Amino acid sequence: MATSNYQPKNRFLRAFNEQLPILSLIHDSLGPGYRAPKNLNYWWNFGSLAGFCLIVQIVTGIVLVMHYTPHADLAFDSVEHIMRDVNYGWLLRYIHANGASMFFIVVYIHIFRGLFYGSYRSPRETLWFLGVIIYLLMMATGFMGYVLPWGQMSFWGATVITNLFSAVPLVGDEIVTFLWGGYSVDNPTLQRFFSLHYLLPFVILGMVILHIWALHIPGSNNPLGIDVQGPQDQVPFHPYYTAKDAFGLGLFLIFFAVFVFYFPNFLGHPDNYIEANPMVTPAHIVPEWYYLPFYAILRAIPDKLGGVVAMFAAILILFAMPWLDGSKARSSRFRPIYRTFLWLFVANAILLGYVGANSPDDFLHLGGVDISFLTLGRIATAYYFLFFLVIVPVVSRWEEPLPLPKSINEEVLKKAAKAAPAE
Amino acid sequence: MATTEQGTSEGTDVTRRDFLYVASGAFAAVGAAAAAWPLIDQMNPSADVLALSSIEVDLSAIDVGQSVTVLWRGKPVFVRHRTPKEIEEARAVDLASLPDPQADEDRVQKPEWLIMVGVCTHLGCVPIGERGDYDGWFCPCHGSHYDTSGRIRKGPAPKNLEVPEYVFLNDTTVKIG
Amino acid sequence: MKAMFKKTGLIVSLASALVSGGFGAAQAAGGSAELKHLDWSFNGMFGRYDDASLQRGFQVYREVCSACHSLKHIAFRNLTDIGFSEAEVKALAAQYEIVDGPDEFGDMYTREGRPSDRIPGPFENEQQARASNGGALPPDLSLVAKSRVGGPDYIYSLLTGYHEPPAGVELRAGMNYNAVFPGNQIAMAPPLFEDMVEFADGTPATVEQMAEDVSHFLMWAAEPKLEERKSMGFRVLLFLIIMTGLFYFANKKVWLPVKRGENV
């Protein structure tokens, strides 16, 4: 990557590129100069989609800030001002609010892709770590962003989440007071959350650039999980994957638009259209859907500190994946037993989300049997950690992978031969 | 890795600019342009700002020789009840001698009421009343002198003070904007 | 690829079931009766508000609800959206007294309302509102259609949901029985009675009619850009579907040599 032989045709561009080789950089990282495995499937679309989501959030966010007022007395009204009076304000705010959910949907699928095809394995550990850091930053950014409209869920969500830190031994209460800038969630809290909500996306952007850089050193993993052996295994990124990403982006935009234009408040909570009131707690405090699995883990542990530790551990354990997985094959395609556990893990994560959305005291009626959500949450939490701490290390080392194909090209040619008679 | 470019594919059917690619590109471009419009238009005045764009001023409390300054669209508007002497001065000027020639009759609807935006046409400062070499207004920022009709007479300002749209709703009420 | 879409579809439907299930459970926790689902004109992909109903609803708000409930996010000028002319809005605004000031002596004064003013509420502050309502705070109605699960259906069901408490239910002092209100005990007395307003268009003012019209009006108050949103959404989707179709075929064409087994 360091030495590019790219030469723009235009004389002036060539001179410019010699002094600042930014055109070479683009050519070699997103253009024909970057070669990617030729067998990437549609799961690989979600990386570029995540980048797209980040840009959408930054652009709409910058524009919303032109009208939003970060003050406890004015924030709620300024959001309504955006919704009612600002030209296209309703559209921009609905894109930003739903865009957060879209970003998380895309990133969850992107993470799952990595888990399924072993993209965290050597030589891509750094790439994976950067990804987990981006995910953590996203969680923080999303949480603080949800506080800004200063509705009831904003206020009480902020109260509950910041109170998690009171579980820290000895200095817990001091930490919470420090986070709040006072003795409760109030104007100082709102203002610092606003500042950080504006800052963190740019930190994420920087991390994303490192993430892409770290991707381009070893190159993309692929559904077979085997190494690229030569140019015959690859295609130029442009036009092959730009075309494929464009098609994926189109599908994604349709999905996104359906929410923005027809169900703009489906993923939000009605209580957030009531202005924050420190005197009245809503009947059910529910975080945004993308935190629900972790919220369920938090509530599954009977001890306050234990719950908080488990919740953070549930995310941080992703960092350990490169060491937990000891299989000879990267891709789950050749590991049927592991694959079953992995799908079960996905179902379990969704179940945790469902548990997180419900009150632990309520019961799930399953064919005549009543299970409390608390019990359900504990079982699901147990599987969550069992998966990482036992299933991955044991199954990956014990299960003998199916025979791996010799090369990517061979597999692609086999497919082409199969498809040929049909054409 | 990136340095090994496998021959150039230009000229083959892959990169030939046929209808499908042109149409795709055109749709992408139109879509991007359409998406940009809300991002730009949000900077234009919002509905509540536009709704505030006219104000009514009660003239009954302003005596001859007095003026009030009201805030209109975030800018000061001078409403001056001119004395006969001021009117006379304003109308006696030889138009040819003015940097921005305009008859006093064209700047007022009723001779005794001079209504104008109190923003210097040079760089936007607010001139001070009953000052300057022409008994009108004087801008302290860069020394522009305006006469009793608010016309520029001396100094760097290029134009007369702007007269906003206004109507007299009755003898004592004027609606600006 | 097909199998992948199948799986993705499964995940998407699971996720949406999870989200709606989550909210459904939260909603049911109130232990309230089923909401009545009306066939609102603003429902659906091409939904639009019905100006006649909005104007009747505004009349109900003005003559009934506004005695206790504010509508603070709505300005008089917004009423041109529901079919009033500018002159009508101006005349209407002038009927209200607005506190403005301070004047040059530092005193607040009242003046006639202007179209740019927000509709003033019945109380000056929360404390005054509570003092006048036996300690209960009548909520602002600007966003009530979005801040209650079920939205306009909930408002309609609440307004028509008053009846005698079932046997064995002890009402607390000052409370009224309502079938859909969470907990079933509501401080607001039944607000609507037959013929308490007279509609200019001759529509009979039954409780159901008034409840429907005011719910319609409050939906508009909460989401005034609904019509613009839905009509724009249709055009955007149409555009995106065509664009994505083009992208699909362009992508297919790009990949043709690779699918044929050529090296590129």
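What you are looking at is a predicted structure, and each value in this text was computed from that prediction instead of being measured.

A. How the structure looks around the interface of chain C and chain A. Each partner contributes to the interface: chain C provides 58 residues, whereas chain A provides 58 residues. Of the charged contacts, one joins C:R77 and A:D85 as a salt bridge, the two residues approaching to 3.3 Å between their closest N and O atoms. The interface formed by chain C and chain A includes 14 residue pairs in polar contact (both at pLDDT 80 or more). A per-element tally of the side of chain C that touches chain A places helix α8 (residues 226–259) of chain C first, with 20 residues. Here the side of chain C that touches chain A is composed, by residue class, of 33 nonpolar, 12 polar and 13 charged.

B. Expanded view of the packing of helix α3 (residues 45–65) of chain A against helix α5 (residues 89–116) of chain A. All names here are of chain A. Here α3 crosses α5 at 155°, and the two axes come no closer than 9 Å. On the basis of the axis angle, α3 is roughly antiparallel to α5. Seen from above, α3 lies across α5 with left-handed handedness. Mapping the contact onto sequence places F46, G47, L49, A50, C53, L54, V56, Q57, T60, G61, V63 and L64 in α3 and L92, R93, I95, H96, G99, A100, M102, F103, V106, V107, I109 and H110 in α5. Its residues assigned to classes, the contact of α3 with α5 shows 16 nonpolar, 7 polar and 1 charged.

C. Region of interest: the confidence of the model for chain B. Mean pLDDT over chain B works out to 87, with 90% of the residues at or above the 70 mark. Within the model, pLDDT remains below 50 along residues 1–15 of chain B, and this stretch shows 22 contacts once partners closer than five positions in the same chain are excluded.

D. Structural view of the interface of chain C and chain B. Taken together, the contact between chain C and chain B spans 14 residues of the former and 17 residues of the latter. Buried area between chain C and chain B, both sides added, is near 1400 Å², and the carbon and sulfur share of it is 72%. Looking only at chain C, the three residues that lose the most surface to chain B are C:F239, C:L246 and C:K253, adding up to 36% of its buried area. Counting every contact that joins chain C to chain B gives 1 salt bridge. Two residues, C:K253 and B:D18, come together in a salt bridge whose shortest N-O distance is 3.1 Å. In terms of residue class, the side of chain C that touches chain B is built from 10 nonpolar, 1 polar and 3 charged.

E. Representation of the state of the cysteines within the structure. In total, this model carries 1 disulfide over all chains according to the counting rule given. Shown here is the disulfide that connects B:C125 with B:C141, its sulfur atoms set 2.1 Å apart. Classification of the bridge connecting B:C125 and B:C141 rests on its S-S torsion, roughly -100°, and on that basis the disulfide is left-handed. Taken together, the residues B:C125 in the loop between β4 (113–117) and β5 (128–129) and B:C141 in the loop between β6 (137–139) and β7 (144–146) connect sequence positions 16 residues apart. Given the relative accessible area of 22%, B:C125 is considered partly exposed. Among the residues examined, B:C141 registers a relative accessible area of 36% and is labelled partly exposed. We note that C:C65 lacks a disulfide partner, and the nearest cysteine sulfur, in C:C68, lies 9.1 Å from it.

F. View of helix α6 (residues 151–159) of chain C. With 9 of its 9 residues buried, α6(C) lies for the most part within the structure. Within α6(C), burial applies to C:G151, C:P152, C:D153, C:Y154, C:I155, C:Y156, C:S157, C:L158 and C:L159.

G. How the structure looks around the side chain of B:R107. Residues and elements named next belong to chain B. Assignment of secondary structure puts R107 in the loop between α3 (84–92) and β4. The side chain of R107 sits in the buried core without any salt bridge; D104 is the nearest counter-charge, 5.5 Å away. A polar contact of 2.9 Å, which involves the side chain of R107, links it to the side chain of Q102. There is a polar contact of 3.3 Å between the side chain of R107 and the backbone oxygen of G150.

How each quantity is defined
Every chain is numbered independently, its residues counted from 1 as its sequence is written. To read the labels, note that chains go from A and ligands from 1, taken in the order they are written. With pLDDT at 70 or above as the cut-off, local features in this predicted model cover only qualifying residues; side-chain atom pairs require 80 or more to be listed or tallied, and sums for whole chains, interfaces and linings still use all residues. The basis for every side-chain value is the complete set of non-hydrogen atoms in the structure, without hydrogens or water. Whether two residues touch is decided by their heavy atoms; if any such pair falls within 4.5 Å, the residues are in contact. Put simply, a salt bridge is a Lys or Arg side-chain nitrogen that is within 4 Å of an Asp or Glu carboxyl oxygen. Throughout this description, a polar contact denotes any pair of N or O atoms lying within 3.5 Å of each other; where both atoms belong to protein, one of them has to be capable of donating a hydrogen while the other can accept it, and for residues adjacent in sequence the pair is counted only when both atoms sit in side chains. Secondary structure elements follow DSSP: runs of H or I no shorter than four residues count as helices, runs of E no shorter than two count as strands, and numbering proceeds from the N terminus. Each residue gets one label: Ala, Val, Leu, Ile, Met, Phe, Trp, Tyr, Cys and Pro are nonpolar, Asp, Glu, Lys and Arg are charged, and the others, such as Gly, are polar. Axes here mean lines fitted to C-alpha atoms, for a helix over just the part in contact, with angles spanning 0 to 180 degrees between N-to-C directions. An angle below 35 degrees is treated as roughly parallel, one above 145 as roughly antiparallel, one from 65 to 115 as roughly perpendicular, and anything else as oblique. The crossing is said to be left-handed when, going from far helix to near helix, the turn is anticlockwise and less than a right angle, and right-handed when the turn is clockwise. pLDDT expresses, on a scale from 0 to 100, how confident the predictor is about each individual residue. A quick way to say it: buried area is the sum, across both parts, of accessible area lost when two parts are put together, with a 1.4 Å probe. Disulfide: a pair of cysteine sulfur atoms within 2.5 Å of each other. Working definition: with a 1.4 Å probe on protein chains only, accessible area under 20% of the residue-type maximum means buried, over 50% means exposed, and in between means partly exposed. Positive charge is attributed to Lys and Arg, negative charge to Asp and Glu, and no charge count is given to His or to the chain ends.

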